[in-house]
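Coordinate analysis (summary)
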Amino acid sequence: MSQYILSQDKPLPDALVTVPMHPWDEIKRGYNQSSLLANLISKQLKLPAHLSAISKIKRTPHQKELNFIERQQNLINCFRLNEHLPKQVAIVDDVMTTGSTANEISKLLKNNGVETVQIWVLARTPE
């Protein structure tokens, strides 16, 4: 993924953030796949990763269990920003389906001073 990002010949962001899981879900799974991915990319591209910058404050059904409309509404007001971030940030996630999660986190970041948000995902589900 890092090689692909570099091959795009676009400016790199100032920092990486991850898609958080609700604390209970992360305890149950034992890890956050987005954080693992961001941590590796951070080391490879020498970018700071703010792994705790965003938290999920509402426990919601998993997006994969919902239809398109439900996904759009499921994550509204679900995330909280925990720290000040630089002006250019990339959100790192493993899979994007409808883009609802990335959209909701992007809104949060932009409402809190981030000017440019890139979305870096490992895989995209078919439309």
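Anyway, here's the lowdown on the structure attached to this text. (Residues numbered from 1 in each chain as written. Predicted model: local features only at pLDDT ≥ 70, side-chain atom pairs only at ≥ 80, totals over all residues. Heavy atoms only, no water.)

In total, this model carries two salt bridges according to the counting rule given. Arg 59 serves as the salt-bridge partner of Asp 25, at 2.8 Å between the closest nitrogen and oxygen. Here Arg 59 lies in the loop between strand S3 (54-56) and helix H4 (68-74) and Asp 25 lies in helix H2 (residues 23-29), a separation of 34 residues in the sequence. Residue Asp 25 is classed as buried on the basis of its relative accessible area of 10%. Between Glu 104 and Lys 107 there is a salt bridge, with its nearest N and O atoms 3.4 Å apart. (Salt bridge = Lys/Arg side-chain N within 4 Å of Asp/Glu carboxyl O. Helix = DSSP H or I, 4+ residues; strand = E, 2+ residues; numbered from the N terminus. Buried < 20%, exposed > 50% of the residue type's maximum accessible area, 1.4 Å probe, protein only.)

A word on the layout of surface pockets. In this structure, the largest pocket occupies an estimated 670 Å³ of space. Taken together, 32 residues form the lining of the largest pocket, with Gln 33, Gln 63, Asp 93, Asp 94 and Thr 101 sitting closest to its centre. Listing elements by their share of the lining of the largest pocket, those giving two or more residues are H2, helix H3 (33-45), H4, strand S5 (88-96), helix H5 (100-111) and strand S6 (116-124). For the lining of the largest pocket, the element with the most residues is S5, which contributes five residues. Each residue belonging to the lining of the largest pocket can be placed in one class, and the counts come to 12 nonpolar, 13 polar and seven charged. Within this model, the second largest pocket holds a volume of roughly 260 Å³. Contributing to the lining of the second largest pocket are Met 1, Tyr 4, Ile 5, Gln 8, Lys 10, Pro 11, Leu 12, Gln 118, Ile 119, Trp 120, Val 121 and Leu 122. Secondary-structure elements contributing two or more residues to the lining of the second largest pocket are helix H1 (2-7) and S6. For the lining of the second largest pocket, the residue count by class is nine nonpolar, two polar and one charged. (1 Å grid on protein atoms, 1.4 Å probe; cavity = no way out; pocket = protein on both sides within 12 Å on 5 of 7 lines; lining within 4 Å. Points joined across faces, edges and corners; volume = space filled by probe spheres on them. Nonpolar A, V, L, I, M, F, W, Y, C, P; charged D, E, K, R; others polar.)

Turning our attention to unusual backbone geometry. Positive phi, close to 55 degrees, is recorded for Asp 9, a residue that is not glycine. Within the secondary structure, Asp 9 sits in the loop between H1 and strand S1 (15-18). Residue Asp 9 is classed as exposed on the basis of its relative accessible area of 72%. Positive phi, normally seen in glycine, also occurs at Asn 77, with a value near 55 degrees. If you trace the backbone, Asn 77 turns up in the loop between H4 and strand S4 (79-81).

Fair warning: the whole summary comes from geometry, so function is off the table for now.
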